[in-house]
Amino acid sequence: QVQLVESGGGLAQAGGSLRLSCAASGFTFLYYTIAWFRQAPGKEREGFSCIHSSDGTYADSVKGRFTISRDNTKNMVYLQMNSLKPEDTARYYCAKFRYIADSRCNFRTYEYDYWGQGTQVTVSS
């Protein structure tokens with residue numbers, strides 16, 4: 001029973017910060033890439049950050065503002081979001097990469113086989 005549960009979303013002001021958490025269970029957490037996706041109303045779901053081992057990968061839209069990290073002893077992935085912008089408003093999801101052998105991060109939705117329920121982030125201007 002693979003399970004991913006996001007938490008930490010809420011309302012923030014532009015320029016503010018939020019810290020999201022993703023709690024994982026039901027698989028050997030250490031070996032899998034975990035990614036963060038987000039989806040705003042009327043838009044496609046987009047990946048913007050992923051982590052395999054220790055160093056994160058970021059889309060240009062969040063680079064320099066967001067930081068992904070993981071704690072393999074706790075089966076947790078975190079997303080520190082700073083300098084938030086109204087365009088960051090979306091529902092945020094963590095997801096597990098399907099394959100154990102590929103350490104490369106990518107944002108192909110169909111290559112992630114388990115997803116959390118999402119947590120809403122709203123940034124006011």
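Refer to the preceding data block for the structure.
My aim in this report is to walk through the structure given alongside it, one point at a time.

Analysis parameters
Residues numbered from 1 in each chain as written. Predicted model: local features only at pLDDT ≥ 70, side-chain atom pairs only at ≥ 80, totals over all residues. Heavy atoms only, no water. Helix = DSSP H or I, 4+ residues; strand = E, 2+ residues; numbered from the N terminus. Rg over C-alpha atoms; globule rule 2.2 N^0.38 Å. Buried < 20%, exposed > 50% of the residue type's maximum accessible area, 1.4 Å probe, protein only. Contact = heavy atoms within 4.5 Å. Areas by Shrake-Rupley, 256 points an atom, 1.4 Å probe, with all protein chains shown as cover. Lys, Arg positive; Asp, Glu negative; His and termini not counted. Charge placed at Lys NZ, Arg CZ, Asp CG, Glu CD. Disulfide = S-S within 2.5 Å. Patch = residues over 30% accessible without salt bridge, like charges linked within 9 Å, V, L, I, M, F, W, Y side chains within 5 Å. Salt bridge = Lys/Arg side-chain N within 4 Å of Asp/Glu carboxyl O. Polar contact = N/O pair within 3.5 Å; in protein donor to acceptor, adjacent residues only side chain to side chain.

What follows is about the overall build of the protein. The secondary structure content of the protein amounts to 0 helices and 11 strands. The C-alpha atoms of the protein give 13 Å as radius of gyration, which agrees with the globular expectation for 125 residues (14 Å, within 12%). For the protein, the spread of C-alpha atoms along the principal axes amounts to about 40 × 30 × 25 Å. Sorting the 125 residues of the protein into buried and exposed places 42% on the buried side. At a minimum sequence separation of 6, the contacts of the protein that also span at least 24 residues come to 60%. Accessible surface, the protein: about 6500 Å² in total, of which carbon and sulfur atoms supply 46%. With 14 positive and 11 negative side-chain charges, the protein shows a spacing of 2 Å between the two charge centroids.

Moving on to the side chain of Ser 21. Secondary-structure assignment places Ser 21 in strand β3 (residues 18-25). Overall, Ser 21 belongs to the buried group, its relative accessible area being 14%. Excluding its chain neighbours within four sequence positions, the residues that come into contact with Ser 21 are Val 5, Glu 6, Ser 7, Trp 36, Met 76, Val 77 and Tyr 78.

Applying the stated rule across the entire model yields 2 disulfides. Put simply, Cys 22 and Cys 94 are joined by a disulfide, and their sulfur atoms are 2.1 Å apart. With the S-S bond torsion at 75°, the cross-link from Cys 22 to Cys 94 turns out right-handed. Taken together, the residues Cys 22 in strand β3 and Cys 94 in strand β9 (residues 90-97) connect sequence positions 72 residues apart. With relative accessibility at 1%, the residue Cys 22 sits in the buried group. Shown here is the disulfide that connects Cys 50 with Cys 105, its sulfur atoms set 2.5 Å apart.

So, on to unusual backbone geometry. Unusually for a residue other than glycine, Asn 75 sits at a positive phi of about 55°. With a phi angle near 50°, Ser 83 is a residue other than glycine that sits in the positive phi range. Assignment of secondary structure puts Ser 83 in the loop between β8 (76-81) and β9.

Where nonpolar side chains cluster on the molecular surface, the patch consists of Leu 30, Tyr 31 and Ile 100 and spans about 290 Å² of accessible area. With respect to the helices, strands and loops of the structure, Leu 30 is situated in the loop between β3 and β4 (34-39). Here Leu 30 falls in the partly exposed class, since its relative accessible area comes to 44%.

Here we come to the side chain of Arg 65. The topology assignment puts Arg 65 in the loop between β6 (56-58) and β7 (66-71). A distance of 2.9 Å separates a polar side-chain atom of Arg 65 from the backbone oxygen of Ser 83. With residues up to four places along the chain from it excluded, the contact list for Arg 65 reads Gln 80, Met 81, Asn 82, Ser 83, Leu 84, Lys 85 and Asp 88.

By themselves, these figures tell us nothing about what the structure is for.
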